[in-house]
Amino acid sequence: MGLLVVLAGLPLRAEAFGETSRLVIAQGRYDGNWNPRPTALRRLAFEIGIRTSISTLPEEKILPLDSAELFRFPFLYLAGTDALPSLSQAELDNLRRYVNYGGFIFCDDAGDGRFAASCEREVARMLPGQSAGRIPSDHVLYKAFYLIDRPAGRTLARPYLSAFMDGSRIAVVISANDLGGAWARDELGSWEYEVVPGGESQREYAFRLGVNLAMYSMCSDYKDDQVHLPFIMKRRR
Amino acid sequence: MGELYDDWRIVSLSPWPTWALALLGLLAVAGVVLAARGLRKERRTGRRWSLLALRTISMLAALFVVLEPGVRLLQTSKVRSRLAILVDGSASMQLPTAAKGSSRSAEAAAWLSAVAPRLAALESDYSLEYYRFDEALTPIEGSAAQAGIDADGESTDILGALRSLGGTSQAGRKLAGAIVISDGADHVDLKSGLVGAARKTLESLQIPISTVAVGAGEVKDLAIESIAVEDFAFVRNTVDLQATIVASGMGRLDVPVVLRREGQVVSQQTLHVVPEESRYRLDFSFVPDEIGEFVFTLGAPVYEGEAIESNNSRSFVLKVIRDRVRTLLVVGRPSWDQRFLRTMLKNDPNVDLISFFILRTPQDQPKAAESELSLIPFPVEEIFDRQLKSFDLVIFQNFAYRPYRMDHYLPNIRRYVEEGGAFVMLGGENSFGEGGYDLTPLGEILPVEPAGSGPNEELFAPRLTDSGLRHPITELAASAEANQGAWGRLPRLPGLNVTKAKPGASVLLDHPHLTVGGENAPVLAVGEFGRGRSMALTTDSSWFWSIVASGEGGGTSRAYERIWSNSIRWLVRDPELTPVLVQAVQRSLEPGQPVAATITVRRADYGPASGAAVEVSLVDVESGHTLRADPLTAGADGTARVEFESPGPGAYKLEAKASVDGRPLGVGQDVVAVRAASLERSDVKTRPELLRAISELTGGAFVQASDRQLPALSLTPPEVVEVGRAKDRPIWDRFWPLAVLAACLGSEWILRRRWGYV
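Nothing here was measured: the structure is a model prediction, and the numbers come from that model. (Residues numbered from 1 in each chain as written. Chains lettered and ligands numbered in written order. Predicted model: local features only at pLDDT ≥ 70, side-chain atom pairs only at ≥ 80, totals over all residues.)

## Digging into the overall build of chain B
Summing up its helical and strand segments, chain B has 18 helices and 35 strands in all. Sorting the 758 residues of chain B into buried and exposed places 41% on the buried side. Counting contacts in chain B only where the partners sit at least 6 residues apart, residues at least 24 apart contribute 75% of the total. (Helix = DSSP H or I, 4+ residues; strand = E, 2+ residues; numbered from the N terminus. Buried ≥ 20, exposed ≤ 12 C-beta atoms within 10 Å, placed from the backbone. Contact = placed C-beta atoms within 7 Å.)

Listed below in structure tokens is the structure:
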């Protein structure tokens, strides 16, 4: 596999085209502890930028859930430690429209599982008739860039990710493992939280999952295309 | 009985009704029976029989008186039955009876002349009626039949001709039988022989049909009898074709059979002809690599001494269509622009999408071993060398070619477009001038060139140009006004590769105020290069027309889908978007059928070109010569109709050129194939066995024309029917029946008295 994406020449970076040509993660603001890991997204954006060809802006866009501006940022990060308060009708309508027209939401529980459970409840209200399902381990999300066996975060509270679908596409991913906690790094370059039980290697897997989430949101099922399968099968063995 | 009358019969002239006569008859019988009963004890047989005889004679005499018998005198005449003589007038009768023999029609005439005296002898009892038959039955003179008829009918329908004769009386005369003189080459109801309904129909005619077989010898000929192939095929998919080839009198031979598409060899097979077999099947398969209507011709060489030369080739029209638009999407890095475009293309059932994304650039450090990544090598050579021609459309989305050493593949893409492919470049920091494409072969095919300034990231509202107002790509609504409105509602876009349009390019959307060289910078431009087309969308934020348009404005993503759907249709030359559309009414024609077509002309803005001058010509595909030409004028709806006289067998192109006030609008074409020959004219085989079967089934006789003999026809004898006058003469008013009655009754009474019975 030495030919792996031939490396020569230096393509330009996307700065000249403004923020919409790059991955800028929107973070949802709501009444409650909406930002438990303030440095997490910046670090994740940085890691995505240096690991992949995705051009990122290491600055998240904080927006209320009923904002029309949300549609310019198709990746929405929602975090919390406590239960998500019941969403207003305007918020539900806005988020439903966001998801239906291609938006992607990642809910990250930085607490004891109440936030994840409340997200499942609110998304079920947003998408009537749907309920959260487990993402199977062979889903393209786990091979969007890195080959990942199981989801890891700051903790391993739950060995799976939950999802809501929009057709065949995952529209909402819910994690109870505090990925933001594993990504958070302070200004001095120190990791803000210890990762348990796996330590630094588990932190690496948390970043890899973050990269795959970003990659999936932008490429959806690209890695399920026929052309990729023989290579991936070989490496999975 | 008098000279006027030549026949007579006994009739009853009694005015009594039949039932009364029957009752009297019964009474007479009862009279005899009673007499017999009264005499049964009489032992003297002489007496008994004498009395019984007298009673019986009395009763008969009484009946005679009551019945009033008479003689009817009749004037009669003999009516001749019809004998129909049917001579085959179909085109196959022009063929020779055997190799280098005389024509079958001449052979039929010779037979009729030879048997003419014997036929003449039948005329006292039969009325001879001569007919010529092909697809219809026509009466002819006997002398004309003997002189030889001009055989040019397009089919042989023996059963139809016999049915038309009618099996029962016509004008009071009965059909006693028929003589059919033919080669038996029937391709209508008796195509499969004397079976099923055809057999029943023949039986129901109930007349003896004698048959005279013309030409039983073997004729040298090689013919492509039929070709079984679908009317349309999918591009890049295998087309199977079965040809039936008939060889007769060719001996042992290897025949090269070649399939050509408008002169170009597509496939070839060798047919091994052996004397023992006459019918062969050859299978051909090929893969059409171009979309359109094409004339294919399957042909074999013409050998010396063949009866028919024109049946050695056969043409057909195949419409090659696209099953799905095979699209190659090459993406320099994941982005929202890529995300929404790929999702839309992937969900479009008319698009077969192959995409390649660069997920890691040379600067990126994934912090993992290769085995932990799902990345695959970027198969540059496979895509841009081997597979490139298999795509209908190639899209470069913010893709930098330099890191992948693609310099020497870029000429392939230029050639691909030149030869009819479609190419799109979307904006981004690695596109157009920013990607250095202006100095490459791709710079030649793009409709825009760099302006020399860097990208512009300010928000702008793309402006619909005059060209864009009616162009199919930018048509979001039917009317120009509604279209303007639809574009006005779309969100403003950030990010633009600043370029300028090349001469000849059509700018459909431009920047509202950013100018380059006095012209507004193009946002969406299209152009033609060689036989292909290209499109430049100089922004990387067209995805705003999807999720942002639907979210912020409360609208939908329909505009985005429509723009791309329109673009793809235009890029791959959807036939419906061609400025000059030529549609033949029928693409496969029989010999003699006129060539008709409708030409639809659109203006450059795709509105109907009413009043446009349209020059239509019919061009021979083989020679390239224009055979016929017709100047037309398009009607108010932009259409014109043309009809050319049949050009004879072969493959032809209908080419149309349209212009308005001398300005060309475009050209279009369609193809037609006129069949080399009908089966009637191409099948040299005679079928004496069919004719023999007809005669055997109907009780007729069979003879070969070469025998010059009239066989025993087994005709129904002619009927004698009464005509003219009749006259009744009574018998009862003579004296003697009453005298017999009185004498018998008196004698019986006397004898009974004497012998003591009363």
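## Things to note about the overall build of chain A
If you tally the helices and strands in chain A, you get six helices and seven strands. Looking at chain A as a whole, 50% of its 237 residues are labelled buried. Here the contacts in chain A between residues at least 6 apart in sequence split such that 78% fall between residues at least 24 apart.

## Re the packing of helix H1 (residues 40–51) of chain A against helix H5 (residues 199–219) of chain A
Residue and element names in this part refer to chain A. Taken N-terminus to C-terminus, the directions of H1 and H5 make an angle of 75°; their axes are 10 Å apart at the nearest point. Classed by the angle they form, the pair H1 and H5 counts as roughly perpendicular. Across the interface between the two elements, Leu 44, Glu 47, Ile 48 and Arg 51 from H1 touch Phe 207, Gly 210, Val 211 and Ala 214 from H5. Looking at the contact of H1 with H5 residue by residue, the classes come out as five nonpolar, one polar and two charged. (Axes fitted to C-alpha atoms, helices over the stretch in contact; angles between N-to-C directions. Parallel < 35°, antiparallel > 145°, perpendicular 65-115°, else oblique. Nonpolar A, V, L, I, M, F, W, Y, C, P; charged D, E, K, R; others polar.)

## Focus: the interface of chain B and chain A
Contacts between chain B and chain A engage 53 residues on the former and 49 residues on the latter. Among the elements of the structure, helix H8 (336–347), strand E17 (351–357) and helix H14 (547–552) of chain B are those that each provide at least two residues to the side of chain B that touches chain A. For the side of chain B that touches chain A, the class distribution of residues is 21 nonpolar, 18 polar and 14 charged.

## Focus: the nonpolar core
With 150 residues, the main nonpolar core has A:Val172 and B:Leu393 as its most contacted residues. The greatest single-element share of this core, amounting to eleven residues, is contributed by H5(A). Here B:Leu393 is in contact with B:Val325, B:Thr327, B:Ala422, B:Val424, B:Ile568, B:Leu571 and B:Val572, once residues within four sequence places are set aside. Core analysis: the second largest hydrophobic core is formed by 56 residues, B:Leu298, B:Val601, B:Ala634 and B:Ala656 among them. (Core = buried A, V, L, I, M, F, W, Y, C linked by C-beta atoms within 7 Å.)

## Structural notes on the sheet that holds strand E9 (residues 232–234) of chain B
All names here are of chain B. Sheet architecture is open: five strands sit in the order E9-E15-E14-E11-E12, paired in mixed fashion. The open sheet has two edge strands with one neighbour each: E9 and strand E12 (264–273). The average angle at which neighbouring strand axes cross in this sheet is 25°, direction not considered. Bridge analysis of strand E11 (residues 253–261) against strand E14 (residues 292–299) gives four bridges, and the strand direction is antiparallel. Looking at E14, one finds that Arg 260 is bridged to Thr 297. (Pairing = 2+ DSSP bridges.)

## So, the sheet that holds strand E18 (residues 393–397) of chain B
All names here are of chain B. Read from one edge to the other, the open sheet built from eight strands follows the order E17-E16-E18-E19-E25-E24-E23-E21, with strand pairing classed as mixed. One side of each edge strand has no neighbouring strand; the edge strands of this open sheet are E17 and strand E21 (463–464). Bridge count between E18 and strand E19 (residues 422–426): five bridges; the pairing is parallel. Across the sheet, residue Val 394 finds its bridge partner in E19, namely Phe 423.

## Things to note about unusual backbone geometry
Where the residue is not glycine, phi is negative for most of them; where a peptide bond is considered, it is trans in most cases. Along the chain, A:Val196 connects to A:Pro197 via a cis peptide bond; the corresponding omega equals 0°. With respect to the secondary-structure elements, A:Pro197 resides in the loop between helix H4 (179–183) and H5. With a phi angle near 50°, B:Ser714 is a residue other than glycine that sits in the positive phi range.

## Description of the environment of B:Val180
Residues and elements named next belong to chain B. Take Val 180: it is sitting in strand E6 (residues 175–182). Residue Val 180 is classed as buried on the basis of its C-beta count, with 24 C-beta atoms lying within 10 Å. Measuring from C-alpha to C-alpha, the distance between Val 180 and Ile 694 comes to 9.7 Å, with 514 residues separating the pair along the chain. Setting aside residues no more than four positions away along its own chain, Val 180 makes contact with Leu 86, Ile 158, Ile 209, Thr 211, Val 212 and Leu 691.

## Let's talk about the confidence of the model for chain A
Within chain A, residue pLDDT values average 89, and 89% of them lie at 70 or more. Segment residues 1–12 of chain A is flagged for pLDDT under 50; beyond a separation of four residues in sequence, or across chains, it makes 32 contacts in the model. (pLDDT = per-residue confidence, 0-100.)

## Quick notes on the pairing of strand E3 (residues 75–80) of chain A
All names here are of chain A. Within E3, six of the six residues are buried, leaving the element largely enclosed by the surrounding structure. Across the two faces of E3 the burial is the same, with Phe 75, Tyr 77 and Ala 79 and Leu 76, Leu 78 and Gly 80 all buried. Taken together, the six bridges between E3 and strand E4 (residues 104–109) define a ladder with parallel strand orientation. Paired with Gly 80 across the bridge in E4 is Asp 109. Note that the unit made of E3, helix H2 (residues 89–100) and E4 has a crossover that is right-handed. (Right-handed = clockwise from strand over helix to strand, strands pointing away.)

## Quick notes on helix H2 (residues 45–67) of chain B
Residues and elements named next belong to chain B. In a regular helix each residue adds 1.5 Å, so 23 residues correspond to 33 Å; H2 covers 32 Å between its end C-alpha atoms and thus fits that length. Buried within H2 are the following residues: Leu 51, Leu 54, Arg 55, Ser 58, Met 59, Ala 61 and Ala 62. If you follow the buried residues of H2, they end up packed against helix H1 (18–38) and helix H18 (736–754). Taken from the residues just after H2, Glu 68 is the one with a positive phi, measuring 50°. (Expected span 1.5 Å × (residues − 1).)

## Some remarks on the confidence of the model for chain B
All names here are of chain B. Per-residue confidence for chain B gives a mean pLDDT of 87; residues scoring 70 or more make up 96%. When pLDDT is averaged over each element of chain B, E19 comes out on top at 97 and strand E35 (residues 720–730) at the bottom at 72. Scoring the predicted complex yields pTM 0.64 and, for the interface, ipTM 0.93.

## Description of the packing of helix H6 (residues 158–165) of chain B against helix H7 (residues 196–205) of chain B
All names here are of chain B. Two elements in contact, H6 and H7, have axes separated by 10 Å at closest approach and are oriented at 30°. What the angle tells us is that H6 and H7 run roughly parallel. Considering how the two elements wind past one another, H6 and H7 form a crossing that is left-handed. Residue-level inspection shows Leu 159, Leu 162 and Arg 163 of H6 in contact with H7, the latter providing Ala 198, Thr 201, Leu 202 and Leu 205. (Left-handed = near helix turned anticlockwise from the far one by under 90°.)

## Some words on the pairing of strand E33 (residues 663–674) of chain B
Residue and element names in this part refer to chain B. Here strand E27 (residues 588–589) pairs with E33 via two bridges, running parallel. In the strand pairing of E33, Leu 589 is matched with Val 674. With eleven bridges joining them, strand E32 (residues 650–660) and E33 adopt antiparallel strand pairing. Bridging from a neighbouring strand, Lys 657 pairs with Val 667 of E33. What sits between E32 and E33 in their antiparallel hairpin is a turn of two residues, with Asp 661 showing a positive phi close to 50°.

## Points about the environment of B:Val11
Residues and elements named next belong to chain B. By the secondary structure assignment, Val 11 is in strand E1 (residues 7–12). For Val 11, a count of 16 C-beta atoms within 10 Å translates into the label partly exposed. As a C-alpha pair, Val 11 and Glu 68 span 57 residues in sequence and 8.6 Å in three-dimensional space. Other than its neighbours up to four places away in sequence, Val 11 contacts Gly 70, Arg 72 and Asp 728.

## Some remarks on the environment of A:Arg208
Residues and elements named next belong to chain A. Position of Arg 208 among the secondary structure elements: in helix H5. Separated by 63 residues in the primary sequence, Arg 208 and Phe 145 have C-alpha atoms spaced 8.2 Å apart. Not counting chain neighbours up to four residues away, the residues in contact with Arg 208 comprise Tyr 146 and Ile 148.

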